[in-house]
Amino acid sequence: MRVLADRIRGVERRVRYLGLGLVVLAAGFLLTGRWQLALGVAVGALLGWVLTDPVRITWAVFVIAFAVPVTIDVGYPTNPSYALLLVLFVLAAWGRVLRAERDGWPPRALAAALLLPSCAVLAGLVHWHGVKPIAVGVAPLLCFGVLAWHLAEEARHDRRTVRRIAEALTWFSVAVAVFAKYQTASRSWPIFDQFAYDWTYTSAFDATRAVGLSGHPIIYGTFAMAMVLVALTLRGRFWYVPVTANLVGLVLSGTRSAWVGTVLALGFWLFLQWRKVSWRGLGTAAVIAAVTWTLVAVSPPALQPDTTAAGPTPSPAAPTPGPAAPAASSAAPAPESPAATPSPATPSPAAPAPPAASSGAPEPSAPAPAAPTASAVDSVDVAGSRISDPASADARFTRMSVVWDGITRDWSTVVFGNGPEANVRFLENVGIGDGQAQVFDNTYLTFWYNFGLIGLACLLALLVLLYRRLRSLPARLLLVGFAAQVFFFDVWLWLGAVAVLLLAVALGAADNPTLSARPLPVPRRRRPGAEAAAPAVAGPR
């Protein structure tokens, strides 16, 4: 308590007065029932505190990206994805300003951060549809470029902080996995059923799949995949606990794209580590697999759904973003299940619903959720059905055909693409008439469709360059898993998914000796006469 009191006394009087004023203001808003304004004051004060220290900024980037869902709208001025993108951009840009004297403005880092946004601008100039589509298409790419630059520079100078963040995330993911187990056992998604801004992000859409804290099973599957790989390679204390917990979450999410990414990354890890394989390691893997299967299969009776209670009641229609909300440059991932797709017009968290006059399919209305049955969901059978169901693969082949027709329309669309937001314009005005979600579900093809072969080549070149330069095992496994998974869905407006790539960049920069940088030495005060005595002390070299 004495240490805490000393810290409080050490704070400037003006800062204490400012903090007290903010507390009074937030309390006043709460007393008048305006909780959103009180929340805004609290978040603003927290962000102000974060912006004073680049290390806090690094922590905040991952906390916001992984823990704040874009499927919940708490009253953002624009749709959640772009609002949080703006916050992350401000954090990273201000972090670079704070470190400008130490790190400077390296031209290579700036070129890497601006490469993909430049491709978007070029495609927009060749196929002109106005300034707004260019701004909307460039915004996510620019934000993630600046974020990667900030995290790489911080990791170069402070390796311990990045590894500490990664280990903290693995233990945070254990709590998320417990929440995911509760979601599938109770067949409800607490918080998301009450506050999700669209019924497709509630358990009424598909209660058999867990969504963790993301509000979407594919994004939670991406997070669980990343945490498995990080915990396995960093090997902190009791590393097998987060590995097992996230394998459980990975199965419960029912996300086959994350399963593919995890299998490929683990296969790559075994290929690199085959000389270190031992009977002890094989036994540990068998125990982890057995415990994972048990935790997936067993549902505590206390968590089973109550047959006398009604299921979650989502709002009958999603509130569309206001007229100032930008259109999405990448739509939401498909649910990977035809049974969970009641209409071809499933909106994304960052895309406004198609207008009523559009030739596309009408906005779906929320179905009345069925009352839960007496028996709990058999998660093992659900996972098995996900593997054997071919409908999702057929839907993706259909989308590949549609996207390829748009890419090969003429030579300019092959080389320069159709321009930023071209996929959104197509899906709103034409659509894909197969009864599935209106998305392309392939980051590489969507990137080619929008930004051309030049943009796709730059994207692939960046991934290859990151793999070659970041000679860190955790970073490389994350890159392999990420690169494989985004072949199956559009990633750019899902912060929790792109954060996997950002975490790979940070870990790779921290573990690569060729990129490491020594912090600047702290100048010491010299005693009187030290300068005169220094030449006499130093002998010949």
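As a reminder, the structure under discussion sits directly above these lines.
Okay, so let's go over this structure.

Analysis parameters
- Numbers given for residues are sequential positions, taken from 1 along each chain in its written order.
- With the structure being a predicted model, the display of local features is reserved for residues of pLDDT at least 70 and the display and counting of side-chain atom pairs for 80 or more, all residues being used for whole-chain, interface and lining totals.
- The side-chain figures draw on all heavy atoms in the structure; neither hydrogens nor water molecules are used.
- Runs of E in the DSSP output that reach at least two residues are strands. Runs of H or I that reach at least four are helices, and both are numbered from the N terminus.
- Between buried and exposed lies partly exposed: a residue is buried under 20% and exposed over 50% of the maximum accessible area for its type, with that area taken using a 1.4 Å probe on protein chains only.
- Contact criterion: two residues are considered in contact whenever any of their non-hydrogen atoms come within 4.5 Å of each other.
- In these tables, accessible area is a Shrake-Rupley quantity obtained with a 1.4 Å probe, and a residue counts as shielded only by the protein chains included in the view.
- Lines fitted to C-alpha atoms define the axes, with helix axes restricted to the stretch in contact, and inter-axis angles between N-to-C directions lie between 0 and 180 degrees.
- Orientation is classified from the angle alone, with under 35 degrees giving roughly parallel, over 145 giving roughly antiparallel, 65 to 115 giving roughly perpendicular, and any other angle giving oblique.
- By convention, the crossing between two helices is left-handed when the near helix turns anticlockwise from the far helix through less than a right angle, and right-handed when the turn is clockwise.
- Polar here means any residue other than Ala, Val, Leu, Ile, Met, Phe, Trp, Tyr, Cys and Pro, which are nonpolar, and Asp, Glu, Lys and Arg, which are charged; Gly is therefore polar.

### Here we look at the overall build of the protein chain
Inference 1: For the protein chain, the count of helices and strands is 22 helices and 0 strands.
Inference 2: Looking at the protein chain residue by residue over its 541 residues, the buried ones come to 50%.
Inference 3: Long-range contacts, defined here as pairs at least 24 residues apart, represent 80% of the contacts in the protein chain between residues at least 6 apart.
Inference 4: Only carbon and sulfur atoms are counted for the fraction: they give 67% of the accessible area of the protein chain, which is about 26400 Å².

### Side note on the packing of helix α4 (residues 54–67) against helix α8 (residues 131–157)
Inference 1: Following both chains from N to C, one finds α4 and α8 inclined at 130 degrees, their axes separated by 11 Å at the closest point. With respect to their mutual orientation, α4 and α8 come out oblique. Of the two elements, α4 crosses α8, and the hand of that crossing is left-handed. Contact residues: P54, I57, T58, V61 and F62 in α4; L147, H150, L151 and E154 in α8.
Inference 2: Split by residue class, the contact of α4 with α8 holds 6 nonpolar, 2 polar and 1 charged.

### Examining the packing of helix α20 (residues 473–485) against helix α21 (residues 495–511)
Inference 1: Where α20 meets α21, the closest approach of the two axes is 8 Å, and the angle between their N-to-C directions is 155 degrees. The orientation of α20 with respect to α21, classified from their angle, is roughly antiparallel. The handedness of the crossing between α20 and α21 is left-handed. Where α20 approaches α21, its residues P474, A475, L478, L479 and F482 are matched on the opposing element by A497, V498, V500, L501, L503, A504, L507, G508 and D511.
Inference 2: Taken together, the residues that form the contact of α20 with α21 break down as 12 nonpolar, 1 polar and 1 charged.

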